[in-house]
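Geometric and topological summary
Residue-level listing of the chains:
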Amino acid sequence: MKKKTVIISVIIITIIIFGILRLVSGVKEDQEITSEKANEILESYTKFDKDIQEFAALRDTFYKSKENTYLEELALNYELWNSLMSNYAKTIKKIETDSKVLKENCVVKFADVNVNSKCTNFKANYEAAMNYYITDVKIYNKTAKEYNEWAMKSGKEYGLLNSAELVVYKKYIDFDK
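Numbering of residues begins from 1 in every chain and follows the order in which that chain's sequence is written. Local features are withheld for residues below a pLDDT of 70 in this predicted model, meaning they are given only at 70 or higher, and side-chain atom pairs are given and counted only at 80 or more; totals for whole chains, interfaces and linings count all residues. By convention in this description, side-chain values take in all heavy atoms of the structure and omit both hydrogens and water.

Criterion for a disulfide: a pair of cysteine sulfur atoms within 2.5 Å. By the definition in use, this model includes one disulfide. The disulfide partner of C106 is C119, and the S-S distance across this bridge is 2.1 Å. What sets the handedness of the C106 and C119 disulfide is the S-S torsion sign, and at about -70° it is left-handed. Residue C106 is found in the loop between α3 (100-105) and α4 (113-153), and its partner C119 is found in helix α4; the two are separated by 13 residues along the sequence. Each member of the pair C106 and C119 is classed as buried. Runs of H or I in DSSP of at least four residues are treated as helices and runs of E of at least two as strands, each being numbered from the N terminus. Relative accessibility thresholds used throughout: buried, under 20% of the residue-type maximum; exposed, over 50%; partly exposed, between the two (1.4 Å probe, protein chains only).

And the structure:
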């Protein structure tokens, strides 16, 4: 009877020690995964931020160019406008591509305040960029339609403006709810 009690006690202690070791191992593994995700977020945010800066510069160019442009002036610069809008679409696509890691991993809170801050900034800037792009394309397409109608009615051979496409989202988004 005493022998059975000792064997059962040894088995129970072994199971408890094994359970504690698995728990510690699991916690360490979870910490490593979390640390890797945090580093991925920080690296991806650097690319994303660069893309956002490029987008902002193109947006400034768009509005400064559009500010004092009349239909007659568009006839002189239609290739420039077609190129500008093509680059604008490429930039918004690049933002979408470079934000995949952030979209996947910024759904949880991290212990690192810096990572949480990057995620918060990402969500706000991503939503703003996508919605600004939609607004700008709508404005541009309205202008392009007016210009193209004017160019065809004028009787002169003017180049036409290409319509811009909504390349990522077709409707406004509320990314961060």
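Salt bridges are defined by distance alone: a side-chain nitrogen of Lys or Arg within 4 Å of a carboxyl oxygen of Asp or Glu. Tallied over the entire structure, the rule returns four salt bridges. The partner of D98 in a salt bridge is K94, with the nearest N and O atoms 3.5 Å apart. A residue pair is termed a helical-turn pair when its members lie 3 or 4 positions apart in one helix, as D98 and K94 do in helix α2 (residues 71-98) at four residues. Overall, the relative accessible area of 36% leaves K94 in the partly exposed class. Taking the shortest distance from any N to any O, the salt bridge between E96 and K103 comes out at 2.7 Å. Classification of E96 by relative accessible area gives buried; the value is 15%. Relative accessible area serves as the criterion here: at 24%, K103 is assigned to the partly exposed category. One salt-bridge network, held together by shared partners, links D51, K94 and D98.

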